[in-house]
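The primary structure of each chain is shown beneath.
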Amino acid sequence: DNVFHYGYLVAKIKGTEKGLRFDMVLHGWNLAQELSDQFSIQHFLLAPPQIMNCSTKELAKRLNGGRRHTYNPSGPFTVVNQLIVQPVQLVPEGSLFFGCAKTKRELSMRQLENYLKLVSNDSSNETTTTTTSQQEEEADEEASQQLRDFEKQLQREIDVNTNMLNSTKGRCMFLDFQIFIDPMTGRFYHLDFDRCFYNRTVHDGSECSHQLRNYTNELLEIKRRRRE
């Protein structure tokens, strides 16, 4: 299914930071395209960012009504604000967030626990229907194939992202590393590429890689138990 939903990232900027802030977001877009082309990683960005004016009270009101979804919700939007606007694909429904920073790692584990509860409830609520032995065999083989496809894609994502993170261009993505994982397909989606341009030191990412490996192993184990 290639259908996806889209929205917009909206960031409020002030005059003194306009050039710097927009440049970092634009650099982030360019980096996302380069890493995607070179390593086949996936992300949500659909087009370059643009600077737009918050030109009407109605627009400001709508933006303030959705502040929890904005990039920089530090105060209300007004008609004098300039905005950085960028179209994005929305996160696939049911995706799991993973991050290496302490608070994000804790969120990741809570989401994984909730996912385990969800699939456990789905298993217990399954209804029994009358099927032939051939139908049972076909359904069993289809479920087995889906699990094999998921495991194959998950391993591919780990290999691709390991190569990317170990590269000169992609190493900065260890800074506040965060992705979404689609628990149906095993695909990884990256976000916040502009973090690579904040002049911060990139530390050894081996611990983060280890955490990601453990997390995906737990996710795979949940899928296997669901299959049994």
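Structure report, in brief. (Residues numbered from 1 in each chain as written. Predicted model: local features only at pLDDT ≥ 70, side-chain atom pairs only at ≥ 80, totals over all residues. Heavy atoms only, no water.)

### What to know about helix α4 (residues 133-165)
Just so we agree on the cut-off: By the criteria applied, helices consist of DSSP H or I runs no shorter than four residues and strands consist of E runs no shorter than two, each listed in order from the N terminus. For a helix, the expected span equals 1.5 Å multiplied by the number of residues minus one. Buried residues are those whose accessible area, probed at 1.4 Å on protein chains only, stays under 20% of the maximum for their type, while exposed residues exceed 50% and partly exposed ones sit between those limits.
Here α4 is 33 residues long and its end C-alpha atoms lie 48 Å apart, about the 48 Å a rise of 1.5 Å per residue gives. Three or more residues of α4 are buried, namely S144, L147, F150, Q153, L154, E157, I158, V160, N161, M164 and L165.

### Some words on the packing of aromatic side chains
Filter applied, for reference: The criterion for an aromatic pair is that two Phe, Tyr or Trp rings (for Trp, the six-membered ring) have centres within 6.5 Å, with stacked assigned to planes under 30 degrees apart, edge-to-face to planes over 60 apart and tilted to the rest.
For the coordinates displayed, the defined rule picks out seven aromatic pairs. Taken together, a centroid distance of 6.1 Å and an interplanar angle of 80 degrees make the contact between Y6 and Y8 edge-to-face. In this structure an aromatic cluster arises from ring pairing among F44, F97, F180 and Y189.

### Observations concerning the nonpolar core
Inclusion rule: Residue types Ala, Val, Leu, Ile, Met, Phe, Trp, Tyr and Cys, when buried and joined through side-chain atoms within 4.5 Å, form a set referred to as a nonpolar core.
Grouped together as the largest cluster of nonpolar side chains are 43 residues, with contacts concentrated most on L35, M173, F177 and F193. Elements with a minimum of two residues in this core: α1 (18-39), β4 (96-99), α3 (102-124), α4, β5 (178-181), β6 (188-190) and α5 (206-227).

### Some words on a nonpolar patch on the surface
To be explicit about the condition: The patches described consist of residues with a relative accessible area above 30% and no salt bridge, like charges being joined within 9 Å and nonpolar side chains (Val, Leu, Ile, Met, Phe, Trp, Tyr) within 5 Å. Residue burial considers only the protein chains on display, and all accessible areas are found by Shrake-Rupley using a 1.4 Å probe. A side-chain nitrogen of Lys or Arg and a carboxyl oxygen of Asp or Glu constitute a salt bridge if their distance falls within 4 Å.
Nonpolar side chains collect at one region of the surface, where F4, Y6, Y8 and L46 lie side by side and expose about 440 Å² of accessible area between them. Within the secondary structure, F4 sits in the segment before β1 (6-13). According to the relative accessible area criterion, F4 is partly exposed, its value standing at 41%.

### A word on the side chain of Q153
Operational definition: Contacts are assigned to residue pairs that have any heavy atoms within 4.5 Å of one another.
Considering the arrangement of structural elements, one finds Q153 in helix α4. Residues in contact with Q153, not counting those within four places in the same chain, are T185, G186 and R187.

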